[in-house]
Amino acid sequence: MIDKQTGTGNAVSPGPRNPWRIAMDEEVCQVSSELYTEHDYGSSSKPMINPKNTVSKFKFKYPPPPPKVDSDGDLIVRRKKKNVREKLGVIEIEHSKSTVLDLVGLQIWRGALLLADWLLYNRETFKEGHYILELGSGVGLSSIVAAMFTPVFCTDINKGGLLKLIKGNALRNSHLTKHPITVLELDFLSQVLPREIVATLEKTPIVIAADVVYDNVITQAFVRTMGHLLSKPPKRSIYVALEKRFVFTIADCDAVAPCYEYFVECLQKLENIEMEEVPLDFPQYFQYDRVKELVLWKISSTFEDEI
């Protein structure tokens, strides 16, 4: 069986948590996100961009309002009212259900939902006049959540109609977003930042990315892009959500996560950065399986001046 991460013939680790569902036909290897089998994301909505796509409905709980304090600085206890239901929201995303290996960005993976949870939990920290930049945005789910609270630059490669799909999903969910989503092409391999991003970098303290670590060449280029962004003052942080994807290799006689390990190895070569794994103890607002293989990294520059 082909390993999605390495493109090699190593055997994939058996068991119910194999994160890559792989189907073979005579010519092309197709992969599908395990996410679609975990919960019912069905929607009656029709695709707008590609009739071969599907539309999934991702329900989420709005976080409760932040606590308030009185004039003396004491916390005001908010008593829960009886028969008051939690406020719920729905994001509808058009996407592919299976793709070839180099177009997995047309699907939705667990890391995007973990990142969306983090954005909802930290919504009060996003300051007016600032931007969030998303790298490798895929179908745009995380950017849509971020745009509920702050303006967003949503970037990816212009391949397989991806940018058109992001714009369609942003339009489909425009009733939820309170701030603009600017969709731009950014190819890690070219190392060229769009001029709109360069012009606003001093007002972009937070960069996010999810599910972009699956190929060593792309990982190298992604980390170089991160290093470029972190080398520009003032201080900023990049949050990367991903899932450790284990394979069993004959060479190691063990289950290993080669792409994740290579990503960390590349990170450790960057200079003048601080890196830490963020505890996943924040609430889960979206419906998905928050498996133990999910991780969230925070990589920050070491400039003293903050945005």
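Everything here concerns the structure above.
None of these values were measured; they are calculated from a predicted model.

> It is not clear to me how the pattern of salt bridges should be interpreted in this structure. Could you clarify?
It is possible for side chains bearing opposite charge to pair when their charged atoms get close. Throughout the structure, instances matching the rule amount to 11 salt bridges. Lys-159 is paired through a salt bridge with Asp-102; the nearest N and O atoms lie 3.0 Å apart. Highlighted residues: Lys-159 in the loop between β9 (152–156) and α3 (162–172) and Asp-102 in the loop between β7 (99–100) and α1 (110–121), separated in sequence by 57 residues. The partly exposed category is assigned to Lys-159, whose relative accessible area is 36%. Take Asp-102: its relative accessible area is 42%, and that puts it in the partly exposed class. Here the residues in one salt-bridge network are Glu-34, Glu-38, Arg-110, Glu-243 and Arg-245, joined through shared partners.

> In this structure, what is going on with the environment of Ser-143? I would like to understand it.
With respect to the helices and strands, the residue Ser-143 is situated in helix α2 (residues 141–146). With near-sequence residues (within four places) excluded, Ser-143 lies in contact with Glu-134, Ser-137, Val-152, Cys-154 and Ile-181. Looking at Ser-143, its side chain comes within polar contact range of the side chain of Glu-134, at 2.5 Å.

> Quick question: what am I supposed to make of the side chain of Arg-172 here?
Mapped onto the elements, Arg-172 comes out in helix α3. For Arg-172, a relative accessible area of 15% gives the class buried. One polar contact links the side chain of Arg-172 to the main-chain carbonyl oxygen of Lys-46, over a distance of 3.0 Å. In this view, Arg-172 contacts Ser-45, Lys-46, Pro-47, Met-48, Val-55, Glu-92 and Glu-94; residues no more than four positions away in its chain are not counted.

Rules and cut-offs
Residues numbered from 1 in each chain as written. Predicted model: local features only at pLDDT ≥ 70, side-chain atom pairs only at ≥ 80, totals over all residues. Heavy atoms only, no water. Salt bridge = Lys/Arg side-chain N within 4 Å of Asp/Glu carboxyl O. Helix = DSSP H or I, 4+ residues; strand = E, 2+ residues; numbered from the N terminus. Buried < 20%, exposed > 50% of the residue type's maximum accessible area, 1.4 Å probe, protein only. Contact = heavy atoms within 4.5 Å. Polar contact = N/O pair within 3.5 Å; in protein donor to acceptor, adjacent residues only side chain to side chain.

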